[in-house]
Amino acid sequence: MSAIGSAAAAAPAAAAQPAAYTADEMMTACAARALPDGTVCFVGIGLPSAAANLARATHAPNLVLIYESGTIGAKPDRLPLSIGDGILAETSDAVVSVPEIFNYWLQPGRIGIGFLGAAQIDKFGNINTTVIGETYTHPKARLPGAGGAPEIAASCREVIVVMWQTRRSFVQRVDFVTSVGYGNGPGQRERLGLTGAGPLKVITDLGVLEPDPATCELTLTGVYPGVSIADVSAQTGWDLAVSGSLEVIEPPSPPELTALRRLQAISDGSEGAA
Amino acid sequence: MAEIVSLADAVARAIHDGDAVAMEGFTHLIPFAAGREVIRQRRRDLTLIRMTPDVLYDQLIGAGCASKLIFSWGGNPGVGSLHRFRDAVENAWPGPLQLEEHSHAGMANRYVAGASGVPFAVLRGYSGTGLEGLPGLDGNPAIRPITCPFTGERLTAVAALRPDVAVIHAQRADRAGNVQFWGITGVQKEAVMGAQRSVVTVEEIVDVLGPQPGAVVLPSWIVDYVAEVPGGAHPSYALGYSARDNHFYVAWDEISRDRERFLRWLDTDVFGVSPGLAGAGTGEGGCGA
């Protein structure tokens, strides 16, 4: 859950790319493109927030950003430091209480896209942000926990997940189901009474995975320039299926890179002044 | 009617060993000064309740004030892990910490039920998650399925939160103890209205509470103690009064990572500082550390 640019992995050193960019920047640009203008989007901090604000600064000026702190229609000109950053309250259309944001806005299905990060995800798009290890009571690693994610994953009309892809984070079965994707497979969301469609895209630093319409299993549908299927398989903890129409995703455009770096620079500057 | 007292008096009179204490403030208006005063008065065996037990409860847990935590998200916002919280859960240091964990929607509804004087609230939530039936703990004591008596739909009931004490920080109060806060207002109103007793620290006490867009007002008669503590939300912020000290949140990662370093911070920045002083001290936790 590193902030964009703070711990950026360097792009391949080979001079094959016309413009140098980091894996972070590629992932953020790809995630931003997944947000159509005018969409109402429930945003988590970190990668999702950076992508949503990049989208607003580029192709989606009318994107409606909702943060779980109760800020509706936030229009920050820098990346917020937390989901309760003052700039979100000061630039939003409305600020409501935390019970209201969950009960009146999220729960009835008013929000188009829920935009989440995760520590661990499995092949059915279930998310773990609670514990790593065999047992809940004696975890190998204690993670922050659920936050708003379980109900965002349940009630937004669709969900997009943004996270780094490694063999440890993309697993056959999550150690703990914090937020339900497709549960144990087709039909499970309906049986559980979950109203939204679930995770329709998982955007990583290697490419994009989408659920197979028949099996609900996350399937590789896009890779970034220079990334091979083998590269992605090597970072996936299950036998990864690949779409018949695998796409090579466009690298970040100069306007995307300019906008993202500008957001980052303003954010770093204001952090120093805090 | 609320009594206007010093922070030390408010904590001494409202918070006792073994209490269930909810200190709220959703990334904004976090009652940090009150938290440090609880540490200074060496309260023990508290059940700490908070949606986002961030740095505030990391300090209380590390200082050994808590035996149980009821929460929904325990991280250092925008930075990473809470090391004292993790050390308590993973290694039982400085003592074991019992957890009861929820989602934000569940916690918010539990506060609403507490404020409303009903035993539970209903939501669409938790369905299919591990939180419903916490493994190894014989389920989650505050979450049960419920069938709607009108439609037959399966929903989730969550038990009301009725803390012994709620502690919040607000922008201001008047001399009669009426409290006003605005910006991101979180669940503070619900926490105060659901609790048996309440403590409110404020940036300033004024003659007249002027109108503020979106402000929540808590009339004096539902608040017990008001203490004037300028900067009492530091390192979080009070909209209109102060900015978030992000350097402190980043510095906390280093301070809290190591037990010895944390104990030194407790000595210099909590026990070595008089009650009610603003900020987190100028010791190693200070801005620019």
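Residues numbered from 1 in each chain as written. Chains lettered and ligands numbered in written order. Predicted model: local features only at pLDDT ≥ 70, side-chain atom pairs only at ≥ 80, totals over all residues.

Before going further, it helps to examine the overall build of chain A. From N to C terminus, chain A includes eight helices and 15 strands. Relative to its length of 274 residues, chain A is compact, with a C-alpha radius of gyration of 18 Å against a globular reference of 19 Å. Viewed in the frame of its principal axes, chain A has a C-alpha envelope of about 50 × 45 × 35 Å. Put simply, chain A has 274 residues, and 56% of those count as buried. Pairs at least 24 apart in sequence give 65% of the contacts found in chain A among residues at least 6 apart. (Helix = DSSP H or I, 4+ residues; strand = E, 2+ residues; numbered from the N terminus. Rg over C-alpha atoms; globule rule 2.2 N^0.38 Å. Buried ≥ 20, exposed ≤ 12 C-beta atoms within 10 Å, placed from the backbone. Contact = placed C-beta atoms within 7 Å.)

So, on to the overall build of chain B. Of regular secondary structure, chain B possesses eight helices and 13 strands. The globule rule puts the C-alpha radius of gyration for 289 residues at 19 Å, and the 19 Å found for chain B is close to it. C-alpha extents for chain B along the principal axes are approximately 55 × 45 × 30 Å. Residues counted as buried form 55% of the 289 residues belonging to chain B.

Another aspect to go through is the packing of helix H2 (residues 32–40) of chain B against helix H3 (residues 55–62) of chain B. Residue and element names in this part refer to chain B. With their axes 10 Å apart at the nearest point, H2 and H3 run at an angle of 5° to one another. With respect to each other, H2 and H3 are oriented roughly parallel. Judged by residue contacts, Phe 32, Gly 35, Val 38 and Ile 39 of H2 engage Leu 56, Gln 59 and Leu 60 from H3. Of the residues that constitute the contact of H2 with H3, the class distribution is five nonpolar, two polar and no charged. (Axes fitted to C-alpha atoms, helices over the stretch in contact; angles between N-to-C directions. Parallel < 35°, antiparallel > 145°, perpendicular 65-115°, else oblique. Nonpolar A, V, L, I, M, F, W, Y, C, P; charged D, E, K, R; others polar.)

An ideal rise of 1.5 Å per residue puts 16 Å on 12 residues; helix H7 (residues 246–257) of chain B measures up with 17 Å between its terminal C-alpha atoms. For H7(B), the complete set of buried residues consists of B:Asn246, B:Phe248, B:Tyr249, B:Ala251, B:Trp252, B:Ile255 and B:Ser256. (Expected span 1.5 Å × (residues − 1).)

Between chain B and chain A, the contact holds 51 residues from the first and 45 residues from the second. At the level of secondary structure, the elements contributing two or more residues to the side of chain B that touches chain A comprise helix H4 (83–91), helix H5 (104–116), helix H6 (188–194) and H7 of chain B. Among the residues making up the side of chain B that touches chain A, the classes are represented as 20 nonpolar, 22 polar and nine charged.

Time to look at the sheet that holds strand S13 (residues 207–211) of chain A. All names here are of chain A. Judged by pairing direction, the sheet is mixed, and its 10 strands sit side by side in the order S4-S3-S2-S1-S5-S10-S12-S13-S14-S15 without closing on themselves. Of all the strands in the sheet, the pair left with one neighbour each is strand S4 (94–95) and strand S15 (241–248). Alignment of strand S1 (residues 40–43) against strand S5 (residues 113–116), held across three bridges, turns out to be parallel. Pairing of Cys 41 across the sheet is with Ile 113, part of S5. (Pairing = 2+ DSSP bridges.)

Per-residue pLDDT for chain A has a mean of 91; in total, 91% of the residues score no lower than 70. When the criterion is pLDDT under 50, residues 1–17 of chain A qualifies, and its contacts beyond four places in sequence or with other chains add up to 27 contacts. (pLDDT = per-residue confidence, 0-100.)

Residues and elements named next belong to chain B. Of note, the amide linkage connecting Trp 93 to Pro 94 takes the cis form, showing an omega dihedral of 5°. Position of Pro 94 among the secondary structure elements: in the loop between H4 and strand S5 (98–101). The step from His 234 to Pro 235 runs through a cis peptide bond, and the omega angle for that step is 15°. Relative to the elements of secondary structure, Pro 235 occurs in the loop between strand S13 (225–228) and H7. Despite not being glycine, Thr 27 has its phi angle at roughly 65°, a positive value. Residue placement: Thr 27 occurs in the loop between strand S2 (20–23) and H2. In this model, Asp 45 sits at a positive phi of 60°, which is unusual for a non-glycine residue. Position of Asp 45 among the secondary structure elements: in the loop between H2 and strand S3 (46–50). Judged by the 14 C-beta atoms lying within 10 Å of it, Asp 45 is partly exposed.

Here the focus is the nonpolar core. With 165 residues, the main nonpolar core has A:Cys41 and A:Val161 as its most contacted residues. Residue contributions to this core peak at seven residues, all from H5(B). Domain assignment of the residues forming this core places at least three in each of domain 1 (3–101 + 162–271) and domain 2 (120–159) of chain B. Those residues in contact with A:Val161, other than ones at most four positions away along the chain, are A:Leu116, A:Ala118, A:Ile121, A:Ile127, A:Pro199 and A:Val202. (Core = buried A, V, L, I, M, F, W, Y, C linked by C-beta atoms within 7 Å. Domains from an automatic or database assignment.)

Here is the key point about a regular strand: its side chains alternate between the two faces of the sheet. Residues and elements named next belong to chain A. Because side chains alternate across S5, one face comprises the buried residues Ile 113 and Phe 115, and the other comprises Gly 114 and Leu 116, equally buried. Strand direction decides the pairing type here: S5 and strand S10 (residues 158–162), joined by four bridges, are parallel. Following the sheet pairing, Phe 115 is matched in S10 by Ile 160.

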